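Inside the fold
These are the residues of each chain, in order.
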Amino acid sequence: MKVIQQLLKVVRKDSMNIEARMELGIGGVISTQYDTAVERLLTVLKNQPQNVEAISWLADAYAAQGDKPNALKWYQISKRMVNNPVYSKEVDDRIKMLK
């Protein structure tokens, strides 16, 4: 919790600190605060649209929320960007679990 408070302090000081927003987004997914995680990860992607890590976490957040259309959309985007058979298989397995 202390780390989260420090990251929030950084974001309050510098609202464009993408690294802090990324960490807060990941923390939101891990702590099941999906709405907040989605918001933070979308902010990261507005500034870094090619951030595959943010895209992957965003897809997971949507999946955990039960928002299948958005989860599928972002999983497909991540597969195209990574273009790796091992990664694609893992993502395909996650997609199968959604259906």
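Residues numbered from 1 in each chain as written. Predicted model: local features only at pLDDT ≥ 70, side-chain atom pairs only at ≥ 80, totals over all residues. Heavy atoms only, no water.

**Side note on the overall build of the protein**
Across its full length, the protein holds six helices and zero strands. A compact globule built from 99 residues would reach a C-alpha radius of gyration of about 13 Å, and the protein, at 14 Å, matches this within 12%. Dimensions of the protein along its principal axes, counting C-alpha atoms only, are 40 × 25 × 20 Å. Within the protein, the proportion of its 99 residues that are buried is 39%. Sequence separation of 24 or more characterises 35% of the internal contacts of the protein that already satisfy a separation of 6 or more. Counting only carbon and sulfur atoms, one obtains 54% of the accessible surface of the protein, whose full area is about 6200 Å². (Helix = DSSP H or I, 4+ residues; strand = E, 2+ residues; numbered from the N terminus. Rg over C-alpha atoms; globule rule 2.2 N^0.38 Å. Buried < 20%, exposed > 50% of the residue type's maximum accessible area, 1.4 Å probe, protein only. Contact = heavy atoms within 4.5 Å. Areas by Shrake-Rupley, 256 points an atom, 1.4 Å probe, with all protein chains shown as cover.)

**Re the environment of alanine 20**
One can find alanine 20 in helix H2 (residues 18–30). The spacing of alanine 20 and tryptophan 74 is 54 residues in sequence and 22 Å in space, taken between C-alpha atoms. Those residues within four positions of alanine 20 in sequence are excluded, and the remaining contacts are Leu7, Val10 and Val11.

**A look at the environment of threonine 36**
Among the structural elements, threonine 36 can be located in helix H3 (residues 34–47). Each C-alpha atom of the pair threonine 36 and alanine 61 lies 9.6 Å from the other, and the pair is 25 residues apart in sequence.

**What about the nonpolar core?**
Membership of the largest hydrophobic core comes to 23 residues, with the highest contact counts inside it found for Leu58, Trp74 and Tyr75. Residue assignment for this core shows that the elements contributing at least two residues are H2, H3, helix H4 (52–65), helix H5 (68–82) and helix H6 (85–98). The dominant element in this core, judged by the number of residues it contributes, is H4, at six residues. In contact with leucine 58, other than residues within four places in its own chain, are Val38, Leu41, Leu42, Leu45 and Trp74. (Core = buried A, V, L, I, M, F, W, Y, C linked by side-chain atoms within 4.5 Å.)

**Quick look at the packing of H5 against H6**
Orientation of H5 relative to H6, taken along the N-to-C sense of each, is 170°, at an axis distance of 10 Å. Considering their axes alone, H5 and H6 lie roughly antiparallel with respect to each other. Residues Lys68, Ala71, Leu72, Tyr75, Gln76, Ser78, Lys79 and Val82 of H5 form the contact with H6, whose own contacting residues are Tyr87, Ser88, Val91, Asp92, Arg94, Ile95 and Leu98. Its residues assigned to classes, the contact of H5 with H6 comprises eight nonpolar, three polar and four charged. (Axes fitted to C-alpha atoms, helices over the stretch in contact; angles between N-to-C directions. Parallel < 35°, antiparallel > 145°, perpendicular 65-115°, else oblique. Nonpolar A, V, L, I, M, F, W, Y, C, P; charged D, E, K, R; others polar.)

**Overview of H6**
The first and last C-alpha atoms of H6 sit 20 Å apart over 14 residues, in line with the 20 Å expected at 1.5 Å per residue. When we look at burial in H6, the residues that qualify are Tyr87, Ser88, Val91, Ile95 and Leu98. Projected onto a plane normal to the axis of H6, the buried residues spread over an arc of 95° and lie on a single side. More than 90 degrees from the buried face of H6, the exposed residues found are Pro85, Val86, Lys89, Lys96 and Met97. (Expected span 1.5 Å × (residues − 1). Arc of directions from axis to C-beta.)

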